[in-house]
Protein chains: 2
Amino acid sequence: MAQHAIALDSVFHALSDPTRRAVLSRLGAGPASISDLAAPFDMALPSFMKHIRHLEQTGWISTRKAGRVRTCTLETGQFDLVEGWLEEQRQVWEGRTDRLEQFVTGRTSNAHKNTAHINRKADS
Amino acid sequence: MAQHAIALDSVFHALSDPTRRAVLSRLGAGPASISDLAAPFDMALPSFMKHIRHLEQTGWISTRKAGRVRTCTLETGQFDLVEGWLEEQRQVWEGRTDRLEQFVTGRTSNAHKNTAHINRKADS
């Protein structure tokens, strides 16, 4: 559980930067070399490489070097972590909405019972 | 677009901390006072309040003070931002998978044509 929490910390932290999100979006279309990935950014290569290393360390991408070219590939499993967390939150709200509905429905039928009881008393 | 990117930065950064995620999960079950929210954490109140302010500033929660009690409420709209971003990524992959399928299917039918062509040549 602690391991899972640490994984979520780093997975979400990686997404809190626009360069890193743009790199992930680009890699969604297929693997790419570091130089191709860096091309659209007005950023020195060492700064860009920090983002690449961050994404690699947090499990969002894997990299492989062939000759002089390092190619990056998206690790889509991290999206499952994010979606899993969102799904957990949704289940909590839905549980809440269900309980709220039961509460409201319960009150309504009790109100009916009370009204019926009062009506019976008034009739007797 | 730049505003949207800044919003996503702060929305994801808020999720990169286990205390903040736990607060959001608790608030999913319904509004709660700061003291109720702080109770499960072994943390000084000023440190806990920093997380509450972070969540408020990044739009994840709203707070309202009545007398001495400040009540926090989850703002579920931020989940839509996160889900919207995930959905965009998924569309990129699915587009890629479709193109890959077309490519493979195209190659396969071309290969069949070539084989048929060779067979016809062999027959003649």
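Residues numbered from 1 in each chain as written. Chains lettered and ligands numbered in written order. Predicted model: local features only at pLDDT ≥ 70, side-chain atom pairs only at ≥ 80, totals over all residues. Heavy atoms only, no water.

*Asks:* Give me the overall build of chain A: which residues, what numbers.
*Replies:* For chain A, the helix and strand inventory stands at five helices and three strands. Secondary structure of chain A in N-to-C order comes out as α-α-β-α-α-β-β-α. Looking at the 124 residues of chain A, the share that counts as buried comes to 31%. Long-range pairs, those at least 24 residues apart, make up 51% of the contacts in chain A between residues at least 6 apart in sequence. Surface exposure of chain A reaches about 7700 Å², of which carbon and sulfur atoms provide 54%. (Helix = DSSP H or I, 4+ residues; strand = E, 2+ residues; numbered from the N terminus. Buried < 20%, exposed > 50% of the residue type's maximum accessible area, 1.4 Å probe, protein only. Contact = heavy atoms within 4.5 Å. Areas by Shrake-Rupley, 256 points an atom, 1.4 Å probe, with all protein chains shown as cover.)

*Asks:* If you had to explain the sheet that holds strand β2 (residues 61-66) of chain A to someone new, which residues and values would you point to?
*Replies:* Residue and element names in this part refer to chain A. Spatially, β1-β3-β2 is the arrangement adopted by the three strands of the open sheet, whose pairing is antiparallel. Of all strands in the sheet, those with a lone pairing partner are β1 (32-33) and β2, marking the two edges. Bridge count for β1 against strand β3 (residues 69-74) is two bridges, and the pairing is antiparallel. Across the sheet, residue Ser33 finds its bridge partner in β3, namely Thr71. Each of β1, β2 and β3 touches helix α2 (residues 18-28); the most contacted strand, β3, lies at about 85° to it. Across the sheet, helix α4 (residues 45-57) touches β2 and β3, and the angle it forms with β2 is around 115°. (Pairing = 2+ DSSP bridges. Axes fitted to C-alpha atoms, helices over the stretch in contact; angles between N-to-C directions.)

*Asks:* Lay out the interface of chain A and chain B with the relevant residues and their values.
*Replies:* Frequently, the measure chosen for interface size is the accessible area that the parts lose on association. Listed as interface residues are 31 residues of chain A and, on the opposing side, 31 residues of chain B. Here chain A and chain B share an interface that buries about 2600 Å² over both sides, 62% of which is from carbon and sulfur atoms. Residue Arg90(B) pairs with Glu83(A) through a salt bridge whose shortest N-O separation is 2.8 Å. Run the count over chain A and chain B and you get six residue pairs in polar contact (both at pLDDT 80 or more). Top element by residues in the side of chain A that touches chain B is helix α5 (residues 77-123) of chain A. It accounts for 12 residues. (Buried area = accessible area lost by both parts, 1.4 Å probe. Salt bridge = Lys/Arg side-chain N within 4 Å of Asp/Glu carboxyl O. Polar contact = N/O pair within 3.5 Å; in protein donor to acceptor, adjacent residues only side chain to side chain.)

*Asks:* Could you give me a rundown of the relation of the copies chain A and chain B, with the residues and numbers involved?
*Replies:* Each copy of the sequence occupies a distinct position, and chain A is placed on chain B by a rotation of 180° and an axial shift of 0.0 Å, giving an RMSD of 0.0 Å. As the rotation angle and translation indicate, the two copies are arranged about a two-fold axis. Taken as a fraction of all interface residues of chain A, those also at the interface in chain B reach 100%, which identifies the copy contact as same-surface. (Least-squares fit on C-alpha atoms with pLDDT ≥ 70 in both.)

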